[in-house]
Amino acid sequence: QVQLVESGGGLVQPGGSLRLSCAASGSIVSINAMAWYRQAPGKQRELVAAIPTGGTTNYADSVKGRFTISRDNARNTVYLQMNSLKPEDTAVYYCNADRVRGISRWYLEVWGQGTLVTVSS
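Quantities reported herein were computed from a predicted structural model and do not represent experimental measurements. (Residues numbered from 1 in each chain as written. Predicted model: local features only at pLDDT ≥ 70, side-chain atom pairs only at ≥ 80, totals over all residues. Heavy atoms only, no water.)

Visitor: Which residues make up the overall build of the protein, and what are the values?
Guide: Secondary structure assignment for the protein yields zero helices and 12 strands. Ordered by position in the sequence, the α and β elements of the protein form the string β-β-β-β-β-β-β-β-β-β-β-β. A compact globule built from 121 residues should have a C-alpha radius of gyration of about 14 Å, and the protein, at 14 Å, falls within 12% of that. Structurally, the protein occupies a C-alpha span of about 50 × 25 × 25 Å along its principal axes. Residues counted as buried form 42% of the 121 residues belonging to the protein. Counting contacts in the protein only where the partners sit at least 6 residues apart, residues at least 24 apart contribute 56% of the total. As displayed, the protein offers around 6500 Å² of accessible surface, 47% of which is attributable to carbon and sulfur atoms. For the protein, the separation between the mean place of its 12 positive charges and that of its 8 negative charges on side chains is 4 Å. (Helix = DSSP H or I, 4+ residues; strand = E, 2+ residues; numbered from the N terminus. Rg over C-alpha atoms; globule rule 2.2 N^0.38 Å. Buried < 20%, exposed > 50% of the residue type's maximum accessible area, 1.4 Å probe, protein only. Contact = heavy atoms within 4.5 Å. Areas by Shrake-Rupley, 256 points an atom, 1.4 Å probe, with all protein chains shown as cover. Lys, Arg positive; Asp, Glu negative; His and termini not counted. Charge placed at Lys NZ, Arg CZ, Asp CG, Glu CD.)

Below, the structure is given as structure tokens:
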């Protein structure tokens with residue numbers, strides 16, 4: 001079984017920074033693209049940032065220039081550095097791995113449990 005576990009959420013003042021981490025565990029051979037999504041109260045889940053195994057990252061327009069996604073393939077971990085946070089960034093942030101190659105099978109669309117980010121003074 002493959003699991004994604006997020007950490008790093010919390011309460012931060014507007015203009016502040018947070019760094020989210022998402023570690024994949026299990027019998028993993030490789031992971032394809034990884035991404036961060038978020039869901040604010042009363043809204044649909046939206047893509048925040050994505051990073052393929054190799055290649056260009058992409059970001060939602062609302063976070064460009066403020067958020068940076070990165071990954072450590074050796075640790076099967078993806079990060080989201082969030083700077084200049086705004087109240088509208090408040091949401092539950094979810095980690096996603098679209099295809100995970102395990103020792104005996106592939107796992108598709110693996111999600112973490114989410115971590116809450118609250119931006120408020």
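The discussion continues.
Visitor: How would you summarise the packing of aromatic side chains if you had to cite specific residues and measurements?
Guide: Tallied over the entire structure, the rule returns one aromatic pair. In this structure, arginine 45 packs its charged tip against the face of tyrosine 94, placed 3.8 Å from the ring centre. Stacked on the ring of tryptophan 111, the Lys or Arg arginine 45 has its end atom at 4.7 Å from the ring centre. (Phe/Tyr/Trp six-rings, centres within 6.5 Å; stacked < 30°, edge-to-face > 60°. Lys NZ or Arg CZ within 6 Å of the ring centre and 35° of its normal.)

Visitor: Before we move on, could you go through the pairing of strand E9 (residues 77-82) and cite the residues and values that matter?
Guide: Of all six residues in E9, five are buried, a share of seventy percent or more. Direction of pairing for strand E3 (residues 18-25) relative to E9: antiparallel, over a ladder of six bridges. If you follow arginine 19 over to E9, its bridge partner there is glutamine 81. The pairing of strand E8 (residues 67-72) with E9 spans six bridges and is antiparallel. Following the sheet pairing, threonine 68 is matched in E9 by glutamine 81. (Pairing = 2+ DSSP bridges.)

Visitor: Now, about the environment of tyrosine 79: what can you tell me, with residues and values included?
Guide: Topologically, tyrosine 79 is positioned in strand E9. The exposure class of tyrosine 79 is buried, given its relative accessible area of 15%.

Visitor: I'd like to hear about the environment of threonine 90, residue by residue, with values.
Guide: Locating threonine 90 in the fold gives a position in the loop between E9 and strand E10 (91-102). On the basis of relative accessible area, threonine 90 is assigned to the partly exposed category, the value being 22%. For the pair threonine 90 and glutamine 39, spaced 51 residues apart in sequence, the C-alpha to C-alpha distance is 8.6 Å. Not counting the four nearest positions on each side in its chain, threonine 90 is found in contact with Ala40, Val117, Thr118 and Val119. Of note is the side chain of threonine 90, whose polar atom sits 2.9 Å from the backbone oxygen of proline 87. A polar contact of 2.9 Å, which involves the side chain of threonine 90, links it to the backbone nitrogen of valine 119. (Polar contact = N/O pair within 3.5 Å; in protein donor to acceptor, adjacent residues only side chain to side chain.)

Visitor: Tell me about the pattern of salt bridges, and please be specific about residues and values.
Guide: Using the criterion set out here, one finds five salt bridges in the structure. A salt bridge links arginine 38 to aspartate 89, with the nearest nitrogen and oxygen atoms 2.9 Å apart. Of this pair, arginine 38 sits in strand E5 (residues 34-39) while aspartate 89 sits in the loop between E9 and E10, and the two are 51 residues apart along the sequence. Its salt-bridge partner being lysine 64, residue aspartate 61 comes within 3.1 Å of it at the nearest N-O pair. (Salt bridge = Lys/Arg side-chain N within 4 Å of Asp/Glu carboxyl O.)

Visitor: Requested: an account of the nonpolar core, with residues and values cited.
Guide: Nonpolar side chains in soluble globular proteins tend to be buried together. Counting residues in hydrophobic clusters, the biggest one holds 32 residues, and the most contacted among them are Trp36, Leu80, Met82 and Tyr93. With five residues, E10 is the largest single contributor of residues to this core. Beyond its immediate chain neighbours, meaning those up to four positions away, tyrosine 93 contacts Glu6, Leu20, Trp36, Tyr37, Arg38, Val48, Phe67, Leu80, Met82, Gly114, Thr115 and Val117. (Core = buried A, V, L, I, M, F, W, Y, C linked by side-chain atoms within 4.5 Å.)

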